[in-house]
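Architecture and fold: a report
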Amino acid sequence: MEPGIQNAVVSFRIGIRQWRPESCFQSLVKLLEKYKALTDEVTFFTSETHAPLDLGTIEEHVSLLSERMAQMRSMGYKTGINILTTIGHHNENLPNSLAADYTRMTDFYGNICLGSFCPNDEGMRTCISQLYNIVTSAHPDYIWIDDDVRFGHMPIGYGCFCDNCLLIFEEEFGVKFTRDTLKDAFNTGSTAKKLEVRLAWLQHNRNTIARLFKLIEHTVHRVKPSLPLGFMTGDRFFEGYDFHHWSEVLSGDHGSEVMWRPGGGFYFDDYMRGLAGKSHDVGRQVSMLPNSIISIQSEIENFPYQRLQKSAAATALEASSHIAAGCTGAAFNVLSQHDEPLDEYEPLLRKLRDTRPFYDLLVRHFKREKPIGIYTGWGKDVYAVNNLAEGDWLADNVLSICASHADELLEIGLPAAYSPECASVTALSESSVLAMSDEQVLKMLSSGVYMDAKALICLNEMGYGEFTGFEVERFLNEDCIEEFTNHPLNAPFAGRKRDARQSFLPWLSPAAVLKPISETAKVLARIVDYTGRETAPCCMGVFENHIGGRICAAGYYPWKFLQNGSKSSQLKILLRWLSKDTLPAYISSFHKINMWVRTTETERLALAVTNSCLDRAENVSLMLHTTTKEISVFDMHCAKTVIRSHGTDGAYNKFVLPAVETWGMKLVVV
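Residues numbered from 1 in each chain as written. Predicted model: local features only at pLDDT ≥ 70, side-chain atom pairs only at ≥ 80, totals over all residues. Heavy atoms only, no water.

1. Things to note about the overall build of the chain
Each helix and strand counted, the chain has 16 helices and 32 strands in total. Summarising its shape, the C-alpha atoms of the chain cover approximately 75 × 65 × 45 Å along the three principal directions. Per-residue burial over the chain gives 61% buried out of 670 residues. Taking all contacts inside the chain whose residues are at least 6 apart in sequence as the whole, residues at least 24 apart take part in 76%. Total accessible area computed for the chain in this model is approximately 24900 Å², and 51% of it derives from carbon and sulfur atoms. Mean positive and mean negative side-chain charge positions of the chain (65 and 81 charges, respectively) differ by 6 Å. (Helix = DSSP H or I, 4+ residues; strand = E, 2+ residues; numbered from the N terminus. Buried < 20%, exposed > 50% of the residue type's maximum accessible area, 1.4 Å probe, protein only. Contact = heavy atoms within 4.5 Å. Areas by Shrake-Rupley, 256 points an atom, 1.4 Å probe, with all protein chains shown as cover. Lys, Arg positive; Asp, Glu negative; His and termini not counted. Charge placed at Lys NZ, Arg CZ, Asp CG, Glu CD.)

Given below as structure tokens:
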């Protein structure tokens, strides 16, 4: 797809306490020389704290950075500047930060964040223009905009609802609001009216960031017309997820290069499930970028930079996992932020240097191709449906509604996808369909859908009942056990049970009693109690509709407690059936594995599998949708093993992989 992508792009981000003191900088130089093969770029932070600095301090820092960057270039590195604070993150180091009388980020109640400023304030916009002019004049090879350009800031949460932002929204929407009346419009009234105002506010947020980026782009490219600009993001639901448009704005009229740094929270390795969760965050972000963006460096941040908080092995695997999800490299922010020796970081750098060839190998095979497989139904407008039926719009649980709900499903050996055009099956949760157009909903229902009870209710209320095959009759709150029926999709597990123990409050979830509303709808599971007596005849079923869709409605813990042998096997058989054998690959054996699959530019498959378990994964059975009888398997040292098919199952060839190490990855190339 992109023949120019031959290797990963790796950068190191250097804190001010490491580059400013001469002794620390020279120690850094020696360390980089020692591990020369590790990084391509060296990026310097403008500050160490998260509220904006006054321009005089920035000028002082940038003056020295001109010298530091010159030395990096002499060593063969590209080098640039990371502006940590454009509008500011939160309240930190306020006595030594920008104290100008500009509008601060403001919440619904008029509370402000002293360390963050409204990007629509004209005085602040002038200050930002001066900031970027100062940094550009230092002649960096590129400039990074950090992730303070967002609308969630401690301690206030979401903004900005200052008086000026309300006036701008009035011009955009045509209705005058106060903070109180706007909150009422978000949270009360008909569903349609709430959606209208919420969608308009998301567009307002998109417009605000686009205006800020236009200002930055004009400022920078007036001085250096072709200077690349980069932006760091996370999941930006409330901001409107307008990455494609923002990247075009940053590119400017002359089409200058734009870089991206997708990020998220995975700072410690005491909760390793968070690694794949962050990769899914990253995958969503990358899916919203145009193919013209080549340098996509995942944020690898070991904040607060205490060496034992995250192991070298976890850090090295993290970069691999994010490349598997869609990145073309990694940006490591892992070194000390203090003026101290870096000797304790040498084992980490050694591990990353040794893993670097594997990053290159992954990128050479994946390039910018999109992962294909199970898509969660999310989209750029989905935050509009957050708490839509009742409650506070800005109470942030949108991830569990539309994005991260399927994380456990994806770690039983099913491939992840992040955009609808790459979906073999859509795993649909709750009310996310309300953010879709009728055309999108019908297209989804004409293919494969695995949905929970709330999504089923939502679709039926929207008038799509003829395509779903089921309705929710009632919910049960206690003593429910799922029991598989004697349906072919359950073979050989008919009669197996799954008990999620509803009485344990931390994971209490009502079980939905489903009712078939079509003669062709089939029951896959019923509910029994602790005596084995039937409580409800159906809690899970399948249906084939007249527009070609295959539907599964799952009313009993559809997203949790999926990792016993019978349930995980049932789901993999089911998802393959729902996809009509378009699922590109899956793990048929009983293992805890995350995977990402591409169809490469030569129409062959390439995929990465991560053993997301503390046990070594032996005899992993990989089912590949291919006629090819031979595949190549690479470990994280780039050692290659060629293996042959162990037989076929319909359109799939079965391959038994070499053992996958604990929290290790394999690259498979067909």
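2. Re the pairing of strand β22 (residues 534-544)
With 5 bridges joining them, strand β21 (residues 522-528) and β22 adopt antiparallel strand pairing. Note on β22: the bridge partner recorded for V528 is E534. Here β21 folds back onto β22 in antiparallel fashion, the turn holding 5 residues, of which G532 has a positive phi close to 85°. Where β22 lies against strand β23 (residues 550-554), 5 bridges are found, and the strand directions are antiparallel. Within β23, the residue paired with M540 across the bridge is A554. (Pairing = 2+ DSSP bridges.)

3. Details of the pairing of strand β5 (residues 112-117)
The pairing of strand β4 (residues 104-106) with β5 spans 3 bridges and is classified as antiparallel. Bridge assignment links M105 to a residue of β5, and that residue is C113. Taking the residues that link successive antiparallel strands as the turn, the β4-β5 hairpin has 5 residues, and the phi of G110 there is positive, at about 85°.

4. A few points about unusual backbone geometry
A cis amide bond links M154 with the next residue in sequence, P155, at an omega value of 0°. Its location among the elements puts P155 in the loop between β7 (152-153) and β8 (157-158). For the bond running from G159 to C160, omega is 0°, close enough to zero to count as cis. With respect to the helices and strands, C160 occurs in the loop between β8 and α5 (163-173). Positive phi, normally seen in glycine, also occurs at Y241, with a value near 50°.

5. Brief notes about the sheet that holds strand β31 (residues 652-657)
In spatial order, the strands read β24-β27-β31-β30; together these 4 strands make up an open sheet with antiparallel pairing. Whereas interior strands pair on both sides, the edge strands pair on one side only; in this sheet they are β24 (585-587) and β30 (648-649). Bridge count for β30 against β31 is 2 bridges, and the pairing is antiparallel. In the strand pairing of β31, T648 is matched with N653.

6. Comments concerning a negative patch on the surface
Among the surface-exposed residues, D339, E340, D343 and E344 lie close enough to one another that they form a single negatively charged patch. Along the chain, E340 falls in the loop between β12 (329-333) and α11 (346-366). Under the relative-accessibility criterion, E340 is labelled partly exposed at 30%. (Patch = residues over 30% accessible without salt bridge, like charges linked within 9 Å, V, L, I, M, F, W, Y side chains within 5 Å. Salt bridge = Lys/Arg side-chain N within 4 Å of Asp/Glu carboxyl O.)

7. Re the sheet that holds strand β32 (residues 665-669)
Read from one edge of the open sheet, 6 strands run β14-β25-β26-β32-β28-β29, paired in mixed fashion. The open sheet has two edge strands, β14 (412-415) and β29 (640-644), and neither has a second partner. Mean inter-strand twist for the sheet, computed between neighbouring axes without regard to direction, equals 20°. (Axes fitted to C-alpha atoms, helices over the stretch in contact; angles between N-to-C directions.)

8. So, the pattern of salt bridges
All chains considered together, the criterion is met by 43 salt bridges. One salt bridge connects D40 with R356, and the closest N-O pair in it is separated by 3.2 Å. Placement of D40 in the loop between α2 (22-34) and β2 (41-45) and of R356 in helix α11 is noted, with a sequence separation of 316 residues between them. By relative accessible area, which is 8% here, R356 ends up buried. Between R284 and D235 there is a salt bridge; the shortest N-O distance is 2.7 Å.

9. What to know about the packing of aromatic side chains
Throughout the structure, instances matching the rule amount to 37 aromatic pairs. Where W19 meets F44, the ring centres are 6.3 Å apart and the plane angle is 75°; that geometry is what we call edge-to-face. In this pair, W19 is assigned in helix α1 (residues 16-19) and F44 in strand β2, connecting sequence segments 25 residues apart. Accessibility expressed as a relative area gives 0% for W19, which makes it buried. You can call F44 buried: its relative accessible area is 0%. A ring pair is formed by Y102 and F117, whose centres lie 6.1 Å apart and whose planes are at 70°; its orientation type is edge-to-face. Highlighted residues: Y102 in the loop between β3 (78-83) and β4 and F117 in strand β5, separated in sequence by 15 residues. (Phe/Tyr/Trp six-rings, centres within 6.5 Å; stacked < 30°, edge-to-face > 60°.)

10. Describing the side chain of H89
By the element assignment, H89 lies in the loop between β3 and β4. Only 2.9 Å separates the side chain of H89 from the backbone oxygen of L84, close enough to count as a polar contact. The residues touching H89, leaving out its near neighbours within four places in the chain, are H50, L84, C113, G115, S116, D146, D147, D148, R150, H153 and M154. (Polar contact = N/O pair within 3.5 Å; in protein donor to acceptor, adjacent residues only side chain to side chain.)

11. Re a nonpolar patch on the surface
Residues L94, I112 and L114 make up a contiguous nonpolar surface patch of about 220 Å² in total accessible area. Within the secondary structure, L94 is located in the loop between β3 and β4.

12. So, the state of the cysteines
Taken as a whole, this structure holds 0 disulfides when the rule is applied. This cysteine, C480, is not joined by any disulfide, and C539 carries the nearest cysteine sulfur, 8.4 Å off. (Disulfide = S-S within 2.5 Å.)

13. Overview of the packing of helix α3 (residues 55-74) against helix α4 (residues 122-136)
Interaxial distance between α3 and α4 falls to 10 Å at its minimum, and their mutual angle equals 10°. Relative to α4, the element α3 is oriented roughly parallel. The way α3 lies across α4 gives a crossing that is right-handed. Contacts from L55, I58, E59 and V62 of α3 reach α4 at C127, Q130, L131, I134 and V135. (Parallel < 35°, antiparallel > 145°, perpendicular 65-115°, else oblique. Left-handed = near helix turned anticlockwise from the far one by under 90°.)

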